[in-house]
Structure formats: C-alpha cells, structure tokens
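# Report on the structure
Next come the chains, spelled out residue by residue.
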Amino acid sequence: YEKNSDLAGWLTVEGTDIDYPVMQAVAQSSDFYLNYDFNGKEDINGSLFLDFRNNLQKPNDNMIIYGHNMKSGMMFGGLKQYLEPSFWREHKKVTFNTIYEKAEYEIVAVCLSKVAEDGAGKFKYYDFIEAGSKKAFRQFVENIKELNIMDEKLKLSYGDKLLTLSTCNSYTEDGRLFLVAKKCEK
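Below is a summary of the structure that appears in this document. Keep in mind that this is a model prediction, so the values were computed, not measured. Position numbers for residues count from 1 along each chain, tracking the sequence in the order it is written. In keeping with the model being predicted, local features are shown solely for residues with a pLDDT of at least 70 and side-chain atom pairs are shown and tallied solely at 80 or more, while totals for entire chains, interfaces and linings include all residues. Excluded from the side-chain calculations are hydrogens and water; all other atoms, namely the structure's heavy atoms, are used.

## Comments concerning the nonpolar core
- The biggest cluster of nonpolar side chains holds 30 residues, and the ones touching the most others in it are Leu-11, Leu-48, Ile-65, Tyr-82, Leu-163 and Leu-165.
- Among residues more than four places away in sequence, those in contact with Ile-65 are Leu-11, Val-22, Leu-48, Phe-49, Leu-50, Phe-76, Phe-96, Leu-163, Thr-164, Leu-165 and Ser-166.
- Membership of the second largest hydrophobic core comes to 24 residues, among which are Tyr-126, Ile-129, Phe-140 and Val-141. We call a set of buried residues a nonpolar core when its members are Ala, Val, Leu, Ile, Met, Phe, Trp, Tyr or Cys and they connect through side-chain atoms within 4.5 Å of each other. Between buried and exposed lies partly exposed: a residue is buried under 20% and exposed over 50% of the maximum accessible area for its type, with that area taken using a 1.4 Å probe on protein chains only. Here, two residues are considered to be in contact whenever any of their heavy atoms come within 4.5 Å of each other.

Structure below.
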C-alpha cells in the first residue's frame, strides 16, 4: 500500500497461479489497470482491478474484479480451467483480503456471457453491484442460473455478499467468462 495507494487487496484462487494484488479502479480511468502493472508501468498483462463502483470501506453486495485472460496463464488466464466441472468441484476456494478485511469465498457459479450492447435490454452481470431489493437479487440469481455451465443448484440468498471474477473468453465475439463466489461465514 505504501508503494501504490491504489492497492485494494490481494486475490488468491485455489488450484491456479492466480495470486496477485488487486488494484482499485477510479471512475476517471476505470480501465487504467487493464494495460498497466502494479507500479503504473505499461504492461500487456495489465493488473487485476476492482470495479470503480465498488467501495472497500463499505463492501457492496457484489465486488467485481476484472483481469486479462492471458494465454500464458497470467492474470485471469487460469480461470479457463473452471470450464471443466471436475476442476470446479475440487477448487472452489477464493481468498480476497482487502486492506480492511480478510475474506474467503466459495465459487458457486461458472458462467459464459457476452458484453451486451447498451439499451439492448440484455442481462449485464457487470452492472450488478448492489441488490437494492430481494426482487433485484432474485432476478440476478435467475440470470446467473441461465448462464451457469455447472449443473449444481445455486445456493444464494438475499443478503449474501458476492465476489465476481470477470475475464474475456473467445467462445463467442465479446465473450466473457465469469465466476460468482459467495462469501463464507466466519
């Protein structure tokens, strides 16, 4: 944090090489860390970064971390292993320690989607930051069920704190692979 005050925390994903600092994006340059490393130097790998709308001091219902899906496996390149159900069943633990708290999450959904055009009326998982109501949360869960490639029942309840890991995936144009994880009770 002393080296770069944009540090939001540290993310570790069990069974992968994902063990990186997570930077806090800001509205003025929300995708800065897509092309810059922890030290602010230009880097093709970029950094993992938290959505600029997320608040670390008062965690939102859904914290979203973005990162490149690098062929080398760097950044979120290791998430593609979750496309295999057996890998998902054996590696559900995610640790996201922020500068304010230490937290463990369990991956409950592995989803494929694509970036929806503005105004298209399509579900945009990356716009779910705060539930706001039971109805909105239920709608989010129903949409996740549709996109989830795993066959287990989603165990999510209104009030659960979520962590979404989002990266590109070339299964379709503008494709996305994202994992939804639920915060574990202490």
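## Focus on the sheet that holds strand 4 (residues 62-66)
- The strand order 1-2-3-4-7-8-6-5 describes a closed barrel built from 8 strands, whose pairing is mixed. Each neighbouring strand pair of the sheet contributes to a mean axis angle of 30°, computed without reference to strand direction.
- Note on pairing: two strands pair once DSSP finds at least 2 bridges between them. Only runs of H or I of at least four residues qualify as helices and only runs of E of at least two qualify as strands under DSSP, and these elements are numbered from the N terminus. Relative to strand 8 (residues 175-183), strand 6 (residues 104-114) runs antiparallel, the two being bridged by 9 bridges. Looking across to strand 8, one finds that Cys-111 is bridged to Phe-178. Lines are fitted to the C-alpha atoms to define the axes, a helix being fitted only along its stretch in contact, and any angle between axes, read from their N-to-C directions, falls within 0 to 180 degrees.

## Focus: a nonpolar patch on the surface
- On the surface, Tyr-1, Ile-99 and Tyr-100 cluster together into a nonpolar patch covering about 340 Å² of accessible area.
- Structurally, the position occupied by Tyr-1 is in the segment before strand 1 (7-13). What goes into a patch is any residue over 30% in relative accessible area without a salt bridge, connected to like charges within 9 Å or, for nonpolar side chains (Val, Leu, Ile, Met, Phe, Trp, Tyr), within 5 Å. The Shrake-Rupley method, run with a 1.4 Å probe, gives the accessible areas here. Residue values count only the displayed protein chains as cover. The salt bridge criterion pairs a side-chain nitrogen of Lys or Arg with a carboxyl oxygen of Asp or Glu, the two atoms within 4 Å.

## A closer look at the pairing of strand 8
- Most of strand 8 is tucked away, with 7 of its 9 residues classed as buried.
- Inspection of the sheet shows strand 7 (residues 162-168) paired to strand 8 by 7 bridges, in the antiparallel sense. Its bridge partner lying in strand 8, Thr-164 is registered against Val-180.

## A closer look at the layout of surface pockets
- Throughout, the protein atoms alone are placed on a 1 Å grid, and a set of points is a cavity if a 1.4 Å probe fits but cannot get out or a pocket if it is open with protein on both sides within 12 Å along at least five of seven lines; lining residues have an atom within 4 Å of a point. Grid points are joined across faces, edges and corners, and a volume is the space filled by probe spheres set on the points. Computed from the structure, the largest pocket encloses a volume of approximately 440 Å³.
- Along the walls of the largest pocket sit 19 residues, with Asp-31, Leu-34, Phe-49, Tyr-66 and Arg-176 positioned nearest its centre.
- Put simply, the parts of the chain that give the lining of the largest pocket at least two residues each are strand 3 (48-50) and strand 7.
- Considering only residue class, the lining of the largest pocket consists of 10 nonpolar, 5 polar and 4 charged. Classes in brief: Ala, Val, Leu, Ile, Met, Phe, Trp, Tyr, Cys and Pro nonpolar; Asp, Glu, Lys and Arg charged; the others, Gly included, polar.

## Observations concerning helix 2 (residues 134-147)
- The length a helix should cover is 1.5 Å for every residue beyond the first. When the terminal C-alpha atoms of helix 2 are compared, their 20 Å separation across 14 residues agrees well with the 20 Å that a helix rising 1.5 Å per residue should span.
- Among the residues of helix 2, those classed as buried are Phe-137, Phe-140, Val-141 and Ile-144. What you see down the axis of helix 2 is that its buried residues fit within an arc of 95°, all on one side. Within helix 2, the exposed residues directed more than 90 degrees away from the buried face are Lys-135, Arg-138 and Glu-146.
- Where helix 2 is buried, its residues contact strand 4, strand 6, strand 7 and strand 8. As used here, the arc belongs to the directions running from the helix axis to the C-beta atoms.

## Remarks on the pattern of salt bridges
- In this structure the tally under the stated criterion is 8 salt bridges.
- Linking Lys-93 and Glu-104 is a salt bridge whose minimum nitrogen-to-oxygen distance equals 4.0 Å. Of this pair, Lys-93 sits in strand 5 (residues 93-98) while Glu-104 sits in strand 6, placing them 11 residues apart in sequence.
- Here Glu-142 makes a salt bridge to Lys-145, at a shortest N to O gap of 3.2 Å. Of this pair, Glu-142 and Lys-145 both sit in helix 2, separated by 3 residues, roughly a single helical turn.
- Residue Glu-142 is classed as partly exposed on the basis of its relative accessible area of 41%.
- Classification of Lys-145 by relative accessible area gives partly exposed; the value is 40%.
- When salt bridges that share partners are traced, they join Asp-51, Arg-53 and Asp-127 into one network.

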